[in-house]
Amino acid sequence: MAIDRIDVNVTSPGRNFVTVKVTTSEGVTGLGDGTLNGRELAVVSYLRDHVVPTLIGRDESQIESIWQYLYRSPYWRRGPVTMAAVAAIDMALWDIAAKKAGEPLYKLLGGASRTGLLTYAHASGTTIDALNDAIRGYVDQGFQAVRIQSGVPGLGQIYGVHDAAPGGKYEYEPAGRVEARSGTGPAAGPEAGSAAGAAMRPSEETWETAAYLRHLPTVFAAVREEFGPALHLLHDGHHRMRPIEAAKLAKSLEPYDPFWLEDCTPGEDQAVLRLVRQHSVTPLAIGEVFNSIHDYQQLITERLIDYVRSSATHAGGITGLRQIMAFAAVYGIRSGFHGPTDVSPVGMAANLHLGLAIHNFGIQEYMPHSETTLSVFRTSYRFADGMLHPGEAPGLGVELDEEAAAGYEYQPAYLPVNRLRDGTVHDW
Ligand code: CS2
Ligand code: MG
């Protein structure tokens, strides 16, 4: 039994996805997600040029050893591109192992620790009324937890904030349908320079933290008044605050009992969270841009966070994320795995199987993929009464319809850029 063949599939059914398919000498196949939003083709090259040729002929059951081989042997460790590539292979090997056992993957990870996974939806609105409409839609579907993002008076488009289409379903793609434009685009920021040669640019948004800090507590107050105390409310700060601003926000949200405040500061300078902790008991979640256990060392050992936000896709697969969660368990820190639409259905299934099995599960993010995406990736996970379950199909339980996938060519698409009013590039 050996790895016979590895295909790297790139498809764009509504948004871009990178999927690995590993085929064994016995004809068993496994899928893995290596999608890195806006940098997809870098992962494709890493896989095709540097990973695939080294794995052909290896024993596909040696999942841990292959993970260590891909992680340690190239000398250049970690980083989002590398770890997304490692993740894709790792998931595919776990998928194969579970299919060979004829069991859903969670049974190989220790079995179910719960009956389902508490999950949260994304609700947003440019106004509080629009936001409340979106929340109501999710509550009607059975969600018990909702992430709330809102427009800020005086600011224009803010990342992740959209109203429902008139008379239509509340559905949006927060992370990638902002397509790179050909041509010049608006001149923005001090480095805009000459328009010539600016072939592709992401869109740009304007940000002002003071206006946001004034407005957000009023949004939480209005939502609590409308929906009462029981609905779990989450919020994503998208790394936009300085430490003292983050502490101020965490403290000002306390009366509204948030489930968590996510990414209140940029993730790199971790000691700053001590300041936020000194001033507030609002639970903190960080980690969607991290890619290894080492990124969490200080956050976990100092108990500076309450929830781990990584996904299997961006943190080295099931093997990488399982390491992080075992470490977090020692400190009583729980999972809040990243589940936006730029984690493919394959990556989402990996999150769900691991979440069902580990003891320190907390909550799972869930942005349902579009119908177009789901016509290419056939899933067996299910949602009911605010809970997700990975399903009972052998392996990860996701199939890739390669013929359908071939109909959706890769399209360059980038996340937007965030600037202060004076053009300074800002975190987001
Ligand atoms: C967001 C994501 O899900 C989240 O919490 O922060 O939409 C994130 O911006 C994208 O996944 C980036 O690719
Ligand atoms: Mg986030």
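Here, every reference points to the structure presented above.
A brief look at the structure comes next.

Considering the coordination of the magnesium ion (ligand 2)
Within the first shell, the magnesium ion (ligand 2) binds the protein through Asp-236 (OD), Glu-262 (OE) and Glu-288 (OE), at distances of 2.0 to 2.2 Å. One chain supplies every donor for the magnesium ion (ligand 2), spaced along it as D-x25-E-x25-E. Of this pair, Asp-236 sits in strand β7 (residues 232–236) while Glu-288 is found in the loop between β9 (284–286) and α8 (297–301), placing the two residues 52 residues apart along the sequence. Residue class for Asp-236 comes out buried when judged on its relative accessible area of 1%. Here Glu-288 falls in the buried class, since its relative accessible area comes to 14%.

A few points about the site of ligand 1
As a matter of local geometry, ligand 1 sits amid 15 residues, with Asn-37, Tyr-159, Glu-288, Asp-342 and Glu-365 nearest to it. At 3.2 Å from an oxygen atom of ligand 1 is found a side-chain nitrogen or oxygen belonging to Arg-147. With respect to ligand 1, the side chain of Asp-342 contributes an N or O atom lying 2.8 Å from an oxygen atom. Along the lines of polarity and charge, the residues of the shell around ligand 1 split into four nonpolar, four polar and seven charged.

Topic: the pairing of β7
Sheet faces and side chains relate simply in a regular strand, where the side chains alternate between the two faces. Along β7, four of the five residues are buried, which leaves the element largely enclosed by surrounding structure. Relative to β7, strand β5 (residues 145–150) runs parallel, the two sharing three bridges. Its bridge partner lying in β7, Val-146 is registered against Leu-233. As paired elements, β7 and strand β8 (residues 260–262) share three bridges and run parallel to each other. Looking at β8, one finds that Asp-236 is bridged to Glu-262. In the classification by handedness, the crossover that spans β7, the intervening helix α6 (residues 243–253) and the parallel β8 is right-handed.

Reading the values: rules and limits
Residues numbered from 1 in each chain as written. Chains lettered and ligands numbered in written order. Predicted model: local features only at pLDDT ≥ 70, side-chain atom pairs only at ≥ 80, totals over all residues. Heavy atoms only, no water. Donors = N, O, S within 2.8 Å, 3.2 Å for Na, K, Ca; no water. Helix = DSSP H or I, 4+ residues; strand = E, 2+ residues; numbered from the N terminus. Buried < 20%, exposed > 50% of the residue type's maximum accessible area, 1.4 Å probe, protein only. Near = heavy atom within 4 Å. Polar contact = N/O pair within 3.5 Å; in protein donor to acceptor, adjacent residues only side chain to side chain. Nonpolar A, V, L, I, M, F, W, Y, C, P; charged D, E, K, R; others polar. Pairing = 2+ DSSP bridges. Right-handed = clockwise from strand over helix to strand, strands pointing away.

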